[in-house]
Amino acid sequence: MKLPEKDVKVFYKLHHLLLRYTNKKYNLVTIPENFFQISLEDLRDLRNKLYDNPQLIDEYVEKNPDMLPGNELKIIESWHDFVRGDFVVIKYLKKYAIFLELGDTPKAYGVLALLSPFEEILGTPPAMVKVVLLPFKGKIIYDGIFQPYSIIFGKNYRKRINQAYQGAKFNSGIIESLPFDGKTERKDDRERLKFYLKNEQNRIAYEEEIKTLIRKDPHLLPVFHQEMSKIHARRTGRILREIGVSQGWFALLEGVVIGSGLTKSDVNKTIDALVPPQKKDFVYFFKLK
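All values reported here derive from a predicted model rather than from experimental measurement.

Conventions used here
Residues numbered from 1 in each chain as written. Predicted model: local features only at pLDDT ≥ 70, side-chain atom pairs only at ≥ 80, totals over all residues. Heavy atoms only, no water. Helix = DSSP H or I, 4+ residues; strand = E, 2+ residues; numbered from the N terminus. Contact = heavy atoms within 4.5 Å. Phe/Tyr/Trp six-rings, centres within 6.5 Å; stacked < 30°, edge-to-face > 60°. Buried < 20%, exposed > 50% of the residue type's maximum accessible area, 1.4 Å probe, protein only. Lys NZ or Arg CZ within 6 Å of the ring centre and 35° of its normal.

*Asks:* It is not clear to me how the side chain of H16 should be interpreted in this structure. Could you clarify?
*Replies:* Structurally, the position occupied by H16 is in helix α1 (residues 5-26). Beyond its immediate stretch of four places on either side in the chain, H16 contacts F35 and F36.

Set out below in structure tokens:
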């Protein structure tokens, strides 16, 4: 989940030149000849000044004071699409780390590390940090500076974070490049209802959305009953096993077992005899084995 070493060198070269340019404009700090020897406090001051004044990026590209080639100028120009804020780093994947931006519409970004893996810097996730995300050759990196928060994540807050992450993935996917244009594959109402019903946290959080979808389109009622019956089926299966029933087919309607048999065909005959035609699509079949 790290940027290739040769690209890391390019990033630091360009980022340091841009920060030196910022310092020349505002004369904030004294920068040592070896930029890596600058104090963290001075580095943060420079970095904050730069992103508080993003026009500096355009100025640098236009003036090209360090006579950079066009491909490197394009990299710096792309940094105008930075994303700055508070993120919860929630997991480390093989491909990248997931940075979750909370808010009214949570977004999940796939971010590559630079010199050191995120595990070494942040430890076990989740971790909340203030950071700047930057585009780099079609990927997302951070600008080399973390400002971590000393936060202990309780069980309930972890659940909220996971719910926000699942919502972000459903709505936008994992964002792997910047800028994010907000365009995603539109989910139909059937997919959206299934997501809302996926787990208890979702069902509580999206209670009004569930009601609205079903009011808008009563044809979604079978989806609602099928998804809810999946939940009841897991619980019913455990109870049946506890009382010694280990095989067979069963049918559920609104959480109640209304038919059983050794084969699905046997159960279907019972359903045909008992269930009104308008509710047959609500019936959920499951096999105990």
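*Asks:* In this structure, what is going on with unusual backbone geometry? I would like to understand it.
*Replies:* A negative phi holds for most residues other than glycine; trans holds for most peptide bonds. Of the consecutive residues P125 and P126, the connecting peptide bond is found in the cis state with omega at 5 degrees. Among the structural elements, P126 can be located in the loop between α5 (118-122) and β4 (127-136). Its identity is not glycine, yet E254 carries a phi of approximately 55 degrees, on the positive side. Examined against the element boundaries, E254 turns out to sit in the loop between β8 (248-253) and β9 (256-261).

*Asks:* For this particular structure, what's the right way to read the packing of aromatic side chains?
*Replies:* Geometrically, a pair of aromatic rings is defined through the distance of the ring centres and the angle of the planes. In this structure the tally under the stated criterion is 19 aromatic pairs. Taking the centre distance of 5.2 Å and the plane angle of 65 degrees together, the rings of Y12 and F36 count as edge-to-face. Highlighted residues: Y12 in helix α1 and F36 in the loop between α1 and α2 (40-52), separated in sequence by 24 residues. For Y12, a relative accessible area of 13% puts it in the buried group. On the numbers, 4.7 Å between centres and 55 degrees between planes, the contact of Y51 with F82 is tilted. With Y51 in helix α2 and F82 in the loop between α4 (70-78) and β1 (83-92), this pair connects stretches of sequence that are 31 residues apart. An aromatic cluster is present here, built from F87, F99, Y109, F118, Y142 and F146 joined pairwise through their rings. The ring of Y26 carries the charged tip of K49 above its face, separated from the ring centre by 4.6 Å.

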